[in-house]
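Coordinate inspection notes
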Amino acid sequence: MSTQVHANLTEEQVQKISSDLDEPQWMLQQRLEALEALEDLEMPKVIRTPGRDWTNLDALEFDRFVDPLDRAQEKDRVDAEGVEVLGWAEALEEHSDLIEEQFGSVVDPQRDYLTALSTALFSAGTVIYVPEGVVAEDVKVRTRMNSRSLFNYTLVIAEQSASVAILERQSTGEESVAPAQDGAFDGTEGRRYYSGVVEAVAGENAHIQYGALQNLTEDTYNYQVKRGHAGSYGQVNWIEGNIGTRLTKSSVETRLLGEGSESKIVGAFFGHEDQHFDVASRVWHEAEHTTADLVTRGVLDDEARSVYEGVQDVGDSAWSTNSYQRENTLMLSDESEADASPKLIINNHDTEASHSATVGQVDDEDLLYMVSRGIDEEDATDMLVEGFFVPVLEEVAVDELRDDLETLVSERLD
Amino acid sequence: MSSEELQNTDTEARFEFKKEESSAFEAEKGLTEETIRVISEDKNEPEWMLERRLRALRVFQEMPMPDDWPGAPDLSEVDVDEIVPYIRPDIDARGGADNWEDLPDEIQDTFDKLGIPEAEKNALSGVGAQYESEIVYQNMQEQWEEKGVVFCDMDKAVQDHEEILKEYFMTKAVPPSDNKFAALHGAVWSGGSFVYVPEDTTVEMPVQAYFRMNSDGMGQFEHTLIIAEENSEVHYIEGCSAPKYSEFNLHSGGVEVFVKENAHVQYSTVQNWSKNTYNLNTKRAIAEEDATMEWVSGSMGSKATMLYPSTILKGPGATDNHITIAFAGEGQDIDTGAKVYHNAPDTKSTIESKSISKDGGRTNYRGLVHIADGAKDSSTAVECDALMFDNNSTSDTMPYMEIQESQVDVAHEATVGKIGDEDVFYLQSRGLDDDDAKQMIVAGFIEPITEELPIEYAVELNRLIELEMEGSLG
């Protein structure tokens, strides 16, 4: 399985990507090591139960639609006062030492096959650097994918007592080239691959809120890892909205490393047709007095399928931990499927931890009530779906993200 | 035996003793086709049963160990070749002695300490006590025999109820291909109970069997088959305990329950294998239309347990209830839970799990709820609560939900916490010492389980927990 891509990936390609970005030698080295590691690495783990794999990643056929040198994309980077939002080449020029120190410190560049692939091939990179004490909102990074495959990397560093709210949007550009040149006979026409790795480092008392809204076209396969380290009294909060793609495999993770650190992971997805979302929220409590709150809500229509994994891992030194997790899925269609596995791994007894998960449909009584008030059934259902997302939307501090998510939800309902 | 008498029994003595081995036949160590043939021949089994054993042996040899599960207990010490699969106690009466007095003194003594005959006299309608691999004592009160209720050991059932066994034995509920240890079980099974309840019959008192292992390096592979015909009702109780040994033991039982239309079966287990036993069981029920299956399981003993009683809700309106309690102390890894397959409309399931971990023990709730496409108006509610005593222990919860039908109601909830300081303080202020206060809190924590059990079992469960907690708190 893991040898399949190798055929059309070469060191020369990786060297070209690196030299086009004027990368220093250490970065090229990271890429080449990741390339070499591909041979031995496994695909990201998927949940298995007797007789079933919840997501089949082997069906991706990467070698058919990954073209490492086709890197067309557009990026808008909106910075805020005091915050540096830099493209990869520029960032390396200005903060080479800092990046060398932090790159790969949060997400292992060789964590699995797809991450290593991303490390070797990423061409779109962004560094968001928030110096000590700076408080900023409305940092925005919008990526439009204009190629058959795109590998994206983002590093967020918030120094002591800094605070930043970041919005990332991923969509497919209108000028996008028709993918899969040879699609006529290899059966991969119209397929794309998007891969994104985000590392976030929150120093002492620093706050990072990272909101991502993914609305790629529904011919796209999508792999994302977002992972943060929270220092003492620091916070790393994630908001993850998934609307687009044919298949998404995404994990949003926080390690609570400093005393009193916190993390909130909010997820929302809305799948229709044959979309498949495999999403995970994971948190590791590794210090005293840490708090985590994981909230995910998803809606499934048509033949869409969701896989949710939530992990609350409390280490043996995590005294006085609070950890909560809620996941709710609403099924609008009989053909859809919702799989969920909320996990608790508790190694310290001084813990208050809970999780809950529900799966259900639109409440008949709610519907009846609204119909009796003169709203037709379809409108009533739409309103109930919009209402279902409210507890998640309320967690979103960035207006643009909230508005966009609301708009995308109501567009899908039309 | 009154509950008061049971309270006064020295619990430690009841569970820590071991008898001199005295066996008529001991199979060669190691597992080969020859071993299987010897077992089958010694039991005078029909050809079809030998063939099933050999088929299961081949499946066993082909299947991998279940070691790729996240957080699965370490089974690397399980070396099946070191297990003597079959030991038959040295008694004349094959298929069980009819009278308690006919049993060898030593065996009588063992069961006396466990309180079996007293319990039987008081409340139980039948007792099948398994010493080593075979049922040595069988009794069924006459009133049930008249109604056509069958309660006998499996070896006898193979001879006397051949057609029924041919149809049901490891064909529908637990095929050997289910997992590696089910396959092992299918190859070397020995002893166990057969319960048959005819149509429209209610067995009012619980049917009980007690299993013990008492030989070094010995595995026990008893098979239980329960068939409850339409509109019938039965409560089966299985209790297990084994003395401590230096060499490890393997227990790999198989339980198959068939709950026919509108029938009701409760299967209760209190398991207290010694702390060096690997307890790897496969238990499954198939529930037809409007049938109810109830599993009540207490897992106290063993070094490692992997046990997930499962129910296939095959008929519309069928119901499944699980109540499970796990208690892991020093060196124990209790990985247990439940599996439910909703394969028909209007099916309901509830799972209530309570686990306690202390002194470095690990408990894990591992459960699967599957709602198949078309199982409309089904509902499931899963509730897992865990209590942790100290910082060396681990408490994990790993539920899996697969929902393929939209008209359903699925809810899962879990909590983990430490024993409440305030609760302990309150009880201490009422004059209880720290140990007693904690024992009382634990007893309250598991009450939903104990109240489902007959009084003797509830008392025994509480006594076992008391024993587990004695001297190790403070």
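All values derive from a computational prediction rather than experimental measurement.

1. Examining the overall build of chain A
When helices and strands are counted, chain A shows 9 helices and 20 strands. Its C-alpha atoms give chain A a radius of gyration of 21 Å, within 12% of the compact-globule value 22 Å for 414 residues. Seen through its principal axes, chain A has C-alpha atoms that stretch 70 × 55 × 45 Å. Counting contacts in chain A only where the partners sit at least 6 residues apart, residues at least 24 apart contribute 83% of the total.

2. Topic: the overall build of chain B
For chain B, the helix and strand inventory stands at 14 helices and 25 strands. For chain B, the proportion of its 474 residues judged to be buried stands at 56%. For chain B, restricting intrachain contacts to residue pairs at least 6 apart in sequence, the fraction spanning at least 24 positions comes to 82%.

3. Considerations on the pairing of strand 17 (residues 305-314) of chain A
Residue and element names in this part refer to chain A. Counted residue by residue, strand 17 has 10 buried out of 10 residues, so it is predominantly covered. Alternating positions in strand 17 separate into two faces, Arg-305, Val-307, Glu-309, Val-311 and Asp-313 on one and Ser-306, Tyr-308, Gly-310, Gln-312 and Val-314 on the other, with burial throughout. Summarising the sheet, strand 15 (residues 276-285) and strand 17 pair through 10 bridges and their orientation is parallel. Pairing of Val-283 across the sheet is with Gln-312, part of strand 17. As paired strands, strand 17 and strand 19 (residues 337-346) are joined by 10 bridges and run parallel to one another. If you follow Arg-305 over to strand 19, its bridge partner there is Glu-337.

4. Considering the confidence of the model for chain A
Averaged over all residues, the pLDDT of chain A is 90; the fraction at 70 or higher stands at 93%. Across residues 179-188 of chain A, where pLDDT falls below 50, the model places 19 contacts with residues more than four positions away in sequence or in other chains.

5. Details of the pairing of strand 11 (residues 220-230) of chain A
Residue and element names in this part refer to chain A. Burial of strand 11 is extensive: 11 of the 11 residues sit out of reach of the surface. Neither face of strand 11 is left uncovered, since the one carrying Thr-220, Asn-222, Gln-224, Lys-226, Gly-228 and Ala-230 and the one carrying Tyr-221, Tyr-223, Val-225, Arg-227 and His-229 both have all their residues buried. Pairing of strand 9 (residues 192-202) with strand 11, which is carried by 11 bridges, proceeds in the parallel orientation. Considered in strand 11, the bridge of Tyr-194 is made with Asn-222. Judged from the 10 bridges that link them, strand 11 and strand 13 (residues 247-256) form a sheet pairing that is parallel. Residue pairing in the sheet places Asn-222 in a bridge with Thr-248 of strand 13.

6. Let's talk about the nonpolar core
A general trend in soluble globular proteins is that nonpolar side chains are found buried together. With 221 residues, the main nonpolar core has A:Ile128, A:Val156, A:Val164, B:Val259 and B:Val265 as its most contacted residues. Lining this core are residues from two domains, each supplying at least three of them: domain 1 (3-307) and domain 2 (422-474) of chain B. The residues touching A:Ile128, leaving out its near neighbours within four places in the chain, are A:Val83, A:Val85, A:Val139, A:Val156, A:Val164 and A:Ile166.

7. Brief notes about the interface of chain A and chain B
Taken residue by residue, the interface counts 32 residues in chain A and 31 residues in chain B. Secondary structure elements with two or more residues in the side of chain A that touches chain B: strand 19 and strand 20 (351-360) of chain A. A breakdown of the residues in the side of chain A that touches chain B according to their chemical character gives 11 nonpolar, 14 polar and 7 charged. As judged from the 6 bridges shared by strand 19 of chain A and strand 24 (residues 394-403) of chain B, these two strands associate in the antiparallel manner. Looking across to strand 24 of chain B, one finds that A:Ala338 is bridged to B:Ile403.

8. Description of the packing of helix 3 (residues 33-42) of chain B against helix 4 (residues 47-62) of chain B
Residue and element names in this part refer to chain B. Taken N-terminus to C-terminus, the directions of helix 3 and helix 4 make an angle of 155°; their axes are 10 Å apart at the nearest point. Relative to helix 4, helix 3 is oriented roughly antiparallel. The hand of the helix 3/helix 4 crossing is right-handed. On the side of helix 3, the interface is formed by Glu-33, Ile-36, Arg-37 and Ser-40, while helix 4 contributes Met-49, Leu-50, Arg-53, Leu-54 and Leu-57.

9. Description of helix 4 (residues 88-102) of chain A
Since the α-helix advances by 3.6 residues per turn, residues separated by three or four positions end up pointing in the same direction. Residue and element names in this part refer to chain A. For helix 4, which comprises 15 residues, the first-to-last C-alpha distance of 14 Å sits more than 12% below the rise-based estimate of 21 Å (1.5 Å per residue). Where helix 4 bends most, the angle comes to about 105°, and this point is His-95. Taken residue by residue, helix 4 has Trp-88, Ala-91, Leu-92 and Ile-99 as its buried positions. Tucked inside the fold, the buried residues of helix 4 contact strand 4 (84-87), strand 5 (124-130) and strand 7 (149-158).

10. Comments concerning the environment of A:Ser232
Of note, A:Ser232 is situated in the loop between strand 11 and strand 12 (235-242). Between the alpha carbons of A:Ser232 and A:Lys140 there is a distance of 26 Å; along the sequence they are 92 residues apart.

11. Remarks on helix 3 of chain B
All names here are of chain B. Where helix 3 is concerned, the buried positions are Thr-35, Ile-36 and Ile-39. On an axial view of helix 3, the arc spanned by its buried residues comes to 100°, and they lie on one face. In helix 3, those exposed residues whose orientation departs by more than 90 degrees from the buried face are Glu-34 and Glu-41. Those residues of helix 3 that are buried lie in contact with helix 4 and helix 10 (180-188). Two residues or fewer past helix 3, Asn-44 is found with a positive phi of approximately 60°.

12. Re the confidence of the model for chain B
Residues and elements named next belong to chain B. Of all residues in chain B, 75% attain a pLDDT of 70 or more, and the chain-wide mean is 81. Per-residue pLDDT, averaged within each element of chain B, yields its smallest value for helix 1 (residues 3-8) (42) and its largest for strand 18 (residues 310-313) (98). Residue range residues 1-20 is modelled with pLDDT below 50. Its contacts to residues more than four positions away, or to other chains, number 33 contacts. Throughout residues 120-125 the model reports pLDDT below 50, and contacts reaching past four residues in sequence, or to other chains, amount to 15 contacts. Of the two predicted TM-score estimates for the complex, the pTM is 0.86 and the ipTM is 0.86.

13. Considering the packing of helix 1 (residues 11-20) of chain A against helix 2 (residues 25-37) of chain A
Residues and elements named next belong to chain A. Their axes nearest at 10 Å, the elements helix 1 and helix 2 cross at an angle of 150°. The angle between helix 1 and helix 2 places the two elements in the roughly antiparallel class. Once helix 1 is placed against helix 2, the crossing between them reads as right-handed. Counting all contacts with helix 1, which are made through Glu-11, Val-14, Gln-15 and Ser-18, the residues of helix 2 involved are Met-27, Leu-28, Arg-31, Leu-32 and Leu-35. Looking at side-chain class alone, the contact of helix 1 with helix 2 contains 5 nonpolar, 2 polar and 2 charged residues.

14. Things to note about unusual backbone geometry
All names here are of chain A. A positive phi is found at Asn-205, a non-glycine position, where the angle reads about 60°. Tracing the backbone through its elements, the reader meets Asn-205 in the loop between strand 9 and strand 10 (207-215). The backbone of Thr-245 shows a phi angle near 75°, a positive value even though the residue is not glycine. Take Thr-245: it is sitting in the loop between strand 12 and strand 13.

15. Brief notes about the environment of B:Ser353
All names here are of chain B. If you trace the backbone, Ser-353 turns up in strand 21 (residues 348-357). A count of 26 C-beta atoms within 10 Å places Ser-353 in the buried class. Sequence separation of Ser-353 and Pro-448 is 95 residues, and the distance between their C-alpha atoms is 9.7 Å. Sequence-distant contacts of Ser-353, defined by excluding residues within four places in its chain, comprise Thr-324, Gly-337, Tyr-365 and Cys-384.

Conventions used here
All residue numbers refer to position in the chain's written sequence, counted from 1. As a convention, the first chain written is A and the first ligand written is 1, with the rest following in written order. Under the rules for a predicted model, residues below a pLDDT of 70 receive no local features and side-chain atom pairs below 80 are neither given nor counted, while totals for whole chains, interfaces and linings still include all residues. The numbering of helices and of strands both runs from the N terminus, where a helix is a DSSP run of H or I of at least 4 residues and a strand a run of E of at least 2. Radius of gyration: C-alpha atoms only; globule rule: 2.2 Å multiplied by the number of residues to the exponent 0.38. A residue pair is marked as a contact if its C-beta atoms, positioned from the backbone, fall within 7 Å. With C-beta atoms placed from the backbone, a residue counts as buried when 20 or more other C-beta atoms lie within 10 Å of its own, as exposed when 12 or fewer do, and as partly exposed for counts between those limits. When DSSP finds two or more bridges between a pair of strands, those strands are recorded as paired. pLDDT expresses how confident the predictor is about each individual residue, on a scale running from 0 to 100. For this analysis, nonpolar core means a set of buried Ala, Val, Leu, Ile, Met, Phe, Trp, Tyr and Cys residues linked through C-beta atoms within 7 Å. Each domain's extent is set by a domain assignment, obtained either automatically or from a database. Classes in brief: Ala, Val, Leu, Ile, Met, Phe, Trp, Tyr, Cys and Pro nonpolar; Asp, Glu, Lys and Arg charged; the others, Gly included, polar. Helix axes are fitted to C-alpha atoms over the stretch in contact, other axes to C-alpha atoms as well, and angles between N-to-C directions run from 0 to 180 degrees. Any angle that falls under 35 degrees is termed roughly parallel, while one over 145 is termed roughly antiparallel, one within 65 to 115 roughly perpendicular, and all others oblique. Each crossing is labelled by how the near helix is turned from the far one, with a counterclockwise turn of less than a right angle marking it left-handed and a clockwise turn marking it right-handed. The span one expects for a helix is its residue count, reduced by one, times 1.5 Å. A residue's bend is simply the angle between two axes: one fitted to the seven residues ending at it, one to the seven starting at it. Working definition: the arc comes from the directions between the helix axis and the C-beta atoms, pointing outward to the latter.

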